[in-house]
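Residue-level structure breakdown
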Amino acid sequence: MTGEEIYQFTQDTLCAMARAAGVGVEFMEPIVLMGKLRIHKTPEKDDAYYWQQTLLLRVHRERVEQGTEWTFFDASGKELVRLLQEKTHNN
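The structure reproduced in this document is the subject of the present report. (Residues numbered from 1 in each chain as written. Predicted model: local features only at pLDDT ≥ 70, side-chain atom pairs only at ≥ 80, totals over all residues. Heavy atoms only, no water.)

On the basis of which strands lie adjacent, the open sheet formed by 5 strands has the order 1-2-3-4-5 and antiparallel pairing. Every other strand in the sheet has two partners, leaving strand 1 (38–41) and strand 5 (79–86) as the edge strands with one partner each. If you compare each strand with its neighbour and ignore which way they point, the axes differ by 20° on average. The pairing of strand 1 with strand 2 (residues 47–51) spans 4 bridges and is classified as antiparallel. Within strand 2, the position partnered with Arg-38 by the bridge is Tyr-50. (Pairing = 2+ DSSP bridges. Helix = DSSP H or I, 4+ residues; strand = E, 2+ residues; numbered from the N terminus. Axes fitted to C-alpha atoms, helices over the stretch in contact; angles between N-to-C directions.)

Written out as C-alpha cells, the structure is:
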C-alpha cells in the first residue's frame, strides 16, 4: 500500500469507530471530524486517537525490511488489521 492509501484507510476506520461511539459523523465532512479528533503519543510511540475522552483507535508503526508495517487496534486493544506500506524507490 502507499502512504496515501494508509491515510485513507485510517480516515475511514476513524469515521467508522466514531460512528460506533455515537458521533454523528454523517453530518461532518471528514476534515471536520479529523480536526476534532485528538491524537496522543503513547509511551510506546503509538498514535492514540480520541474523540473527547473516548479512545477510538490506536495505531502502531514499525519499520521492517519491506517498508513500514502499520498495526491498528481498537479501544480494547484487539488487533484489527496489519497493513504494509512498501518502500518507495525514491528513498
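Time to look at the pattern of salt bridges. Evaluation of the coordinates by the stated rule reveals 5 salt bridges. Ionic pairing is found between Arg-58 and Asp-46, a salt bridge with its closest N-O pair at 2.5 Å. Here Arg-58, found in strand 3 (residues 54–64), pairs with Asp-46, found in the loop between strand 1 and strand 2; they are 12 residues apart in sequence, far enough to count as distant. Judged by its relative accessible area of 3%, Asp-46 falls in the buried class. For Glu-69, the salt bridge identified is with Arg-82, shortest N-O distance 3.0 Å. Highlighted residues: Glu-69 in strand 4 (residues 67–74) and Arg-82 in strand 5, separated in sequence by 13 residues. Look at Glu-69 and you get partly exposed, because its relative accessible area is 22%. On the basis of relative accessibility, which here comes to 46%, the residue Arg-82 falls in the partly exposed class. Overlapping salt bridges bring together Lys-41, Asp-47 and Arg-61 as one network. (Salt bridge = Lys/Arg side-chain N within 4 Å of Asp/Glu carboxyl O. Buried < 20%, exposed > 50% of the residue type's maximum accessible area, 1.4 Å probe, protein only.)

Its identity as a non-glycine residue notwithstanding, Lys-45 has a phi of 75°, on the positive side. With respect to the secondary-structure elements, Lys-45 resides in the loop between strand 1 and strand 2. Unusually for a residue other than glycine, Gln-52 sits at a positive phi of about 55°. Given a relative accessible area of 62%, Gln-52 falls into the exposed group.

So, on to the nonpolar core. Counting residues in hydrophobic clusters, the biggest one holds 17 residues, and the most contacted among them are Leu-56 and Leu-57. Elements with a contribution of two residues or more to this core: helix 1 (3–20), strand 2, strand 3 and strand 4. Looking at this core element by element, the count peaks at 5 residues for helix 1. Residues within four places of Leu-57 in sequence aside, it is in contact with Thr-13, Leu-14, Met-17, Asp-47, Ala-48, Tyr-49, Phe-72, Phe-73 and Leu-80. (Core = buried A, V, L, I, M, F, W, Y, C linked by side-chain atoms within 4.5 Å. Contact = heavy atoms within 4.5 Å.)

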